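# Observations on the three-dimensional arrangement
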Amino acid sequence: MTPTTSRDVWRAARARRKALRAEIRRFTQRSRRRRIIWISGIGAVLLLIGGSVATAYSPLFAVEKITVVGATVLDPAVVEAALSGQIGTPLALVDTSEIKAALLAFPLIETYALEAKPPHDLTVSIVERTAVGVIESDAGYTLVDAAGVALATTSDQPPGQPLIDVEGGVDSIAFESVGLVMRSLPADVRAAVTGVRASTADDVTLTLASGLVVVWGSAEESRAKALTLSRAMGAKPDAQTIDVSSPDLAVVG
């Protein structure tokens, strides 16, 4: 066996160092490659987001048309004209507070929702308030909804709208009960109501065009009371009074 010399030891150490440097280069090369790919991916995402945001806020997506849907009593064109200040505004920058302020001028609007339809359309879906009757005062006849919101005032009683007589006015619990009862009535019965009275939340009374007086009581179980009333009216078409304050049994007079 040939003895190991100092030169052989030096060559072996040099070879190990060379191999180690090569391994380090391969490892760092893979790391650099992964880092470049990761940075490139993040950059592409940021560029895409930035481009999308810039486009959304640019005149390319400005409002050119406002469409109001859901209006039956209101004229959609009038509401659209009230919102025309948003024309030319990028969809992403539409001022919702200005829209709310403009729609407050229409008491008939109960709720609304906005929907952006790129590239240029803004749709406003509205739900109109439903009138439950009129309240007579020195100013005339004021049409109100179940929440007591005044919808319009006229000198003559609007056709098809019952006269509401409640103690305490629209802010009373009696009126709240009246509103709930009126909204629960079947369409045919609602159309026949000419008057509503209540002094408390528990003594709502309806008068129909035929002269029939319906003692309703409270607004509780109104759906069951409406069904009981329909059955009693069918069984006793000549009845003068029907008491459905207890929905399980109608008292016919």
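Notes on the structure follow. (Residues numbered from 1 in each chain as written. Predicted model: local features only at pLDDT ≥ 70, side-chain atom pairs only at ≥ 80, totals over all residues. Heavy atoms only, no water.)

## Overview of helix α6 (residues 222–235)
For clarity, the threshold we go by: The way it works is that DSSP assigns letters per residue, a run of H or I at least four long becomes a helix, a run of E at least two long becomes a strand, and they are numbered from the N terminus. Each residue after the first adds 1.5 Å to the expected span of a helix. Here's how the labels work: a residue is buried when its accessible area is under 20% of the maximum for its type, exposed when over 50%, partly exposed in between, all with a 1.4 Å probe on protein chains only. Working definition: the arc comes from the directions between the helix axis and the C-beta atoms, pointing outward to the latter.
In a regular helix each residue adds 1.5 Å, so 14 residues correspond to 20 Å; α6 covers 20 Å between its end C-alpha atoms and thus fits that length. Every buried residue belonging to α6 is among S222, K225, A226, T228, L229 and A232, and all of these are buried. Buried positions in α6, seen along its axis, are confined to an arc of 165° and lie on one side of it. Seen from the buried face of α6, the exposed residues on the opposite side, beyond 90 degrees, are R223, R231, G234 and A235.

## Observations concerning the pairing of strand β8 (residues 193–198)
As a reminder, the rule being used: A pair of strands is considered paired only if DSSP assigns at least 2 bridges between the two.
In this sheet, β8 lies alongside strand β7 (residues 163–166) in parallel orientation, the contact comprising four bridges. Among the inter-strand pairings, I164 is bridged to a residue of β8, identified as V196. Pairing of β8 with strand β9 (residues 204–208), which is carried by four bridges, proceeds in the antiparallel orientation. Its bridge partner being in β9, V193 is matched across the sheet by L208. Counted along the chain from β8 to the antiparallel partner β9, the turn is five residues long.

## Points about the environment of A81
Its place among the elements puts A81 in helix α2 (residues 76–82). For A81, a relative accessible area of 49% puts it in the partly exposed group. Between the C-alpha atom of A81 and that of A102, which follows or precedes it by 21 residues, the distance is 9.9 Å.

## Some details on the nonpolar core
Just so we agree on the cut-off: Buried residues of nine kinds, namely Ala, Val, Leu, Ile, Met, Phe, Trp, Tyr and Cys, make up a nonpolar core once their side-chain atoms join them within 4.5 Å.
One finds L206 and W216 to be the most contacted residues of the largest nonpolar core, which totals 28 residues. If you list the elements that add at least two residues to this core, you get β7, α4 (173–184), β8, β9, β10 (213–217) and α6. For this core, the element with the most residues is α4, which contributes five residues. Formed by 22 residues, the second largest nonpolar core is a distinct cluster that contains L83, L91, I99 and F106.

## With respect to unusual backbone geometry
Backbone torsion omega between P118 and P119 reads 10°, so that peptide bond is classified as cis. In the Ramachandran plot, E221 falls in the positive-phi region, its phi being about 55° despite a non-glycine side chain. Its location among the elements puts E221 in the loop between β10 and α6. The exposed category is assigned to E221, whose relative accessible area is 51%.

## Brief notes about the side chain of T205
Basically, it comes down to this: Only heavy atoms enter the contact rule, under which two residues are in contact if any of them lie within 4.5 Å.
The residue T205 is located in strand β9 in this model. Residue class for T205 comes out buried when judged on its relative accessible area of 11%. Setting aside anything within four residues of it in sequence, one finds T205 in contact with G195, V196, R197, V213, V214 and V215.

## Description of the pairing of strand β6 (residues 150–154)
Pairing geometry for strand β5 (residues 140–145) and β6, over four bridges, is antiparallel. Across the sheet, residue V144 finds its bridge partner in β6, namely A150. The loop that links β5 with its antiparallel partner β6 comprises four residues; one of these, G148, has a positive phi angle of about 85°.

## Re the sheet that holds strand β2 (residues 109–117)
Short version of the rule: Here an axis means a line fitted to C-alpha atoms, over the contact stretch when the element is a helix, while the angle between two N-to-C directions is reported on a 0 to 180 degree scale.
One open sheet accounts for three strands, arranged β1-β3-β2; its pairing is mixed. Of all the strands in the sheet, the pair left with one neighbour each is β1 (65–69) and β2. Geometrically, the sheet is characterised by an average inter-axis angle of 20° between neighbouring strands, direction not taken into account. Bridge count for β2 against strand β3 (residues 121–128) is eight bridges, and the pairing is antiparallel. The residue bridging A116 from the neighbouring strand is L122, located in β3. Lying on the sheet, helix α3 (residues 96–103) is in contact with β2 and β3; it crosses β2 at an angle near 145°.

## Thoughts on the environment of L163
The topology assignment puts L163 in strand β7. Taking the C-alpha atoms as reference points, L163 and T207, 44 residues apart in sequence, are found 9.7 Å from one another.

## Comments concerning α3
Each α-helix winds once per 3.6 residues, and so residues spaced three or four apart point in a common direction. Those residues of α3 that sit buried are I99, A102 and L103. The buried residues of α3 all sit within an arc of 95° when viewed along its axis, so they share a single face. Among the structural elements, α2, β2 and β3 are those in contact with the buried residues of α3.

That is the geometry; function is a separate question.
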